[in-house]
Amino acid sequence: MPLVRIPGVHSAAARIVARTRCLAVWRVLAAGLAALVPVAAVAASTWETVAHFADPDATLELRIPERRTPVSTLPSAAVLMPAACEHAAERRDYWAEALLGWGYAVAYLDVPATHVRCQQAPEHHGIDADTPPLTTLIDLATGALRSDPRLDSSRVALLGWSRAAVLQALARRDTLAWSERLRAGVAIAPDCRFPTRPQFVTPTLMLAGGRDAADEEYLCGLMMRRSHDGRAQVTRRVYPNANPAFDLKALDGSADMVVFDRNALDAATRATRLFLDAQLHPERSAAAHAGASVSSWAHPRGAAGADLPPAGRSLLDHVLDGGHDIPFPFERLIERLGAHAGPGYFDRAAVKRVLIPIGRSLQRHANAPDYFEAPRIVVAVDTEPDRPDQFVNLKDRLFLGFQPRAGIVEAISWNPEGGRFEFQVIENYRAGETPRLAYANRALCGSCHQNGGPIFARAPWTETNANPRVVQRLRAQAHDFGGHDFHGVDKWRLAAIVEHVDAATDRGSEMAAAQTIWREACGPDDDEGYLCRAGLVLAMLQFRLTEDVAFARHDPLFAERVRARLKHHWQQHWPNGLALADADLDDHDPLILDAPADVPAWVDPLRPRAAAAIWSAPDAGTLRATVASLSGLFDRLSVARLDRHLASSASHGPGPRIVMACDYQRRPRPFSNVRWQLDCGLGDTRLSLDISIDGQRVREGTVTQLVVDGDSYNPILILGGRVRAQAEASRSAGAVRVSAQREDAFADVVLRQRGSHLRVRLPDGNSVRVVRVRPPNGPRPAQVELLATPDFAGVRNVVLDLAGLRHPALSARPFRPARVLRALFDRIGLTGAPVILETAGLPPPEILAAPALKATADALEGARDVAVLKGACGQCHSADTEFPPGFLHGSAAALERQVAQCAPRMLFRLKMWRIPDEQRAKSPMPPQPGHGYADAAAWSESAEFRELARLLERRVGATGGSVSDLPPCRLASRSAG
């Protein structure tokens, strides 16, 4: 029997009244119904109907996780799932089983009319005006769940899919009381066109595939920026190479399922669990957020290694002549970088700059208390030089942070020969002083830069000038900088630039992980090792020549020998998978804090971060990600030069043809004679095209779809072509008779990739010179022939020859694309290879040395105390710096005085290790567990930890209260000692 019936309403006012009446009636009836539900049903784990809504015949079903103990009175947190538009049953079953396994109750809102609403016009967003909006049904279902005594009314979350009103339910501020709002939300492949004025009050995780349309990425970013007035964080995770609705693709069982959709679903499932645990089960968040223990990381966390490069020099050294030529002021330094970065594109500068007045860097206190008068400037280079044979390619390889008050420029710069990012500092960067470039304390930098490279906050980047409130405060200070900008940074540009900086840090971080695979996964420098790396190089070139779409993964060289080699060595190096450290920090709003520069523990970069992804041995998704990351090191102009050279080579002949049968439509078209539309397929290859024909000439057209071996190409331009007559041989007459009938004609069209204008190439690298289109003729159906030319064969032969010669460019040293291209170009007779950087002319590198401790044997109650403190804190606190405080720098007397001053805070931070993660007021110190300990629990119970705690307790005595009660660790007099 239905509980509620809502008559059809047509006006906005009537809908509001009906909705309010519906909620009130439901609360009364649902409370009475819930009282009749016996608590003994807790043990059930099958779907049970708990509510029914008459219009549009919606049903709420519930499953409770089985209890692992005989008796338990703890109510369950619940996750509500509205019906999906497509494959609802498969999606429901997959996510329900996952949620039940994590200990959550699962409610499913089944709306039979969902598939009808999902097909309606976008402006209605799948909502029928004659039925209650799905958001209303979500409210009703949420009320029913809160009334169920088996569930915790304060812990109800929502998980749903595109066009299912998920974002509307999460992005409302005033329609529901705080006590009735959802605790968390997960939106899979969300439609970011709606709502148009979002104000998120529910923490939300959006999951998207990297193959989303570009406008979808823009709209989601726009939605997140518009939600600044809300009070909840919105995070959008994008899984590269995955389809937009990747869970649908991975679950529908279709034959053309691609593996990276399954990988994306696995990664999204892990991310969903971490997110829900953090919001609904804070007691789990410490273990969940930390992810795998440090000892299980295949790729060590942090910037491990010596401060000075083990080989080579950083790109910043090459740009600044090893520190002998440092432009000043900062605008001139940006100009120097711009000379290498190229002209940029559209209206965006080549060198991206972002303002962060109150950030989380080591220099965050330098501009206190007037934070907005001298904001920190973060710089990233995300474009390539227009002359790669003359300028250094800095794309995704150079990042700067400049604090004008401190006179310090912090730099993260790629080292091509060393295969890692280097951490550097430009000191004394002020007027009237001589700037000095030096390598920084790598261990100190690695405490926050746990990925060994650049880091940046996730969207919506609230601490940057992407935040309108930050811009408003900056405008008030603009008069101090000429009324227009801050050291050349245009303050009016908002999130459009910040998005590019964030993307560059992500690509740079992944690039370092791909280098690890290049060096280690193919094994030592024997014949098979060189052949394995040659196969990777061929795949990279194919990937770039197809505009980052495909490579010949089914080629015997790659599919058998390369993959077998990778699999063997992968098992040796990374039996549990290669973990990629996360380059993203949680978003942070300093303007809501009483002490803006005081970074809370939950957004502190020192906090150990879980792996961003785990690349397992070596499946299709991992191989594609590796090839994509390494191929990005090839600059686009060199790739374009190679493409033109191959296309102009006269030494090749026609290759095999791909012939496909097609569905054909012929339509008249205004201002032209006819329009041909074809949809063709052969196995895993599909092609759809649309061309306009005027007489004997193809005027225009587009290949709207091209899929080869499961790889979907970007839209392709048809530059033109000719319509020819079909020739037929007449054996009886001994002559050739030509039929000029339109039905017997065929068209040869020429293609180019949109944007790059590279030739269209198959995954094996060979170019598609002509596509021959044949309309149907009698019993013969319409056909399309792809006429390929084997012009990539020469490249393949050269690369395999280099492997046979054991060329250094294919050795197990870090991958250097310039050396690979130089060797390739020389052998095929092509000039203009990228510049190869040499270190011979650079001055010796300098280092920001952390001076050795000068304490005598009787200082700090003997040398033993000195050794304990040095072992735990010496890497970061031995330099003559104010932040981090250098309490281990100076003479014996200075050490005694400084440790006595800082001991209360040192002990407070040390004891944070024994407090659950969600309850910590500050991040624990030292920021990582002691060397050799698998996790925080083992470290906090170790003898080393207890000895350090006893040492500090002797100097502190009884210390209570919060961190605000502790004396500051300010060492203004440290140099006097």
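Let me begin by describing the structure that accompanies this report. (Residues numbered from 1 in each chain as written. Predicted model: local features only at pLDDT ≥ 70, side-chain atom pairs only at ≥ 80, totals over all residues. Heavy atoms only, no water.)

What the eight strands build is an open sheet, ordered β1-β2-β4-β3-β5-β6-β7-β8; its pairing is mixed. What marks the edges here is a single partner per strand, and that holds for β1 (48-53) and β8 (234-239). Taken pair by pair, the neighbouring strands of this sheet meet at an average axis angle of 20°, ignoring direction. Judged from the five bridges that link them, strand β5 (residues 151-161) and strand β6 (residues 184-188) form a sheet pairing that is parallel. For Leu-159, the partnering residue across the bridge sits in β6 and is Val-186. Across the sheet, helix α4 (residues 134-146) touches β1, β2 (58-63), β3 (76-82), β4 (105-110) and β5, and the angle it forms with β5 is around 150°. (Pairing = 2+ DSSP bridges. Helix = DSSP H or I, 4+ residues; strand = E, 2+ residues; numbered from the N terminus. Axes fitted to C-alpha atoms, helices over the stretch in contact; angles between N-to-C directions. Contact = heavy atoms within 4.5 Å.)

Moving on to empty space enclosed by the protein. Tallied over the full model, the rule gives eight cavities of 30 Å³ or more. Volume-wise, the largest cavity comes out at about 310 Å³. In terms of lining residues, the largest cavity is bounded by 21 residues, among which Asn-393, Arg-397, Pro-817, Ala-818 and Val-835 are the most central. Among the elements that take part in the lining of the largest cavity, helix α20 (residues 817-828) stands out by supplying three residues, more than any other. Across the lining of the largest cavity, the residue classes tally to 16 nonpolar, two polar and three charged. (1 Å grid on protein atoms, 1.4 Å probe; cavity = no way out; pocket = protein on both sides within 12 Å on 5 of 7 lines; lining within 4 Å. Points joined across faces, edges and corners; volume = space filled by probe spheres on them. Nonpolar A, V, L, I, M, F, W, Y, C, P; charged D, E, K, R; others polar.)

As for its placement among the helices and strands, Arg-955 is situated in helix α24 (residues 943-956). In the structure, Arg-955 is positioned 48 residues away from Leu-907 in sequence and 9.6 Å away in space, judged by C-alpha atoms.

Next up on the list: the sheet that holds strand β10 (residues 376-381). Two pairing modes exist for strands in a sheet, parallel and antiparallel, and in both the strands are linked by backbone hydrogen bonds. Taken in spatial order, the six strands make up an open sheet running β9-β10-β11-β12-β13-β14, and their pairing is antiparallel. Because the sheet does not close on itself, it has two edges, and the strands there are β9 (351-356) and β14 (436-439). This sheet shows a mean twist of 20° between the axes of neighbouring strands, independent of strand direction. With four bridges joining them, β10 and strand β11 (residues 398-403) adopt antiparallel strand pairing. Its bridge partner lying in β11, Val-379 is registered against Leu-400.

Time to look at the state of the cysteines. What the rule picks out here adds up to two disulfides. The disulfide partner of Cys-522 is Cys-532, and the gap between their sulfur atoms is 2.0 Å. Negative torsions about the S-S bond denote left-handed disulfides, and the value of about -60° found for Cys-522 with Cys-532 makes this one left-handed. You can see Cys-522 sitting in the loop between α14 (495-520) and α15 (527-545) and its partner Cys-532 sitting in helix α15, a full ten residues away along the chain. Just as Cys-522 is buried, Cys-532 falls in that class too. Disulfide pairing places Cys-662 opposite Cys-680 at an S-S distance of 2.0 Å. What sets the handedness of the Cys-662 and Cys-680 disulfide is the S-S torsion sign, and at about 105° it is right-handed. With a gap of 18 residues between them, Cys-662 in strand β21 (residues 657-669) and Cys-680 in strand β22 (residues 672-682) connect regions that are remote in the sequence. This cysteine, Cys-448, is not joined by any disulfide, and Cys-445 carries the nearest cysteine sulfur, 8.8 Å off. (Disulfide = S-S within 2.5 Å. Buried < 20%, exposed > 50% of the residue type's maximum accessible area, 1.4 Å probe, protein only.)

With the rule as written, the count across this model stands at 45 salt bridges. Between Asp-396 and Arg-507 there is a salt bridge, with the nearest N and O atoms lying 2.7 Å from each other. One end of the pair, Asp-396, is in the loop between β10 and β11; the other, Arg-507, is in helix α14, and 111 residues separate them in sequence. A residue is classified by how much of its surface remains accessible, and Asp-396, at 8% relative accessible area, is buried. Owing to a relative accessible area of 36%, Arg-507 belongs among the partly exposed residues under this scheme. Note that Asp-791 is salt-bridged to Arg-761, the shortest N-O span being 3.1 Å. One end of the pair, Asp-791, is in the loop between β31 (782-789) and α19 (793-804); the other, Arg-761, is in the loop between β29 (746-753) and β30 (767-774), with 30 residues separating them in the sequence. With respect to class, Asp-791 is no different from Arg-761; both count as buried. Among the ionic contacts, a cluster of salt bridges with common partners joins Asp-643, Arg-759, Arg-761 and Asp-791. (Salt bridge = Lys/Arg side-chain N within 4 Å of Asp/Glu carboxyl O.)

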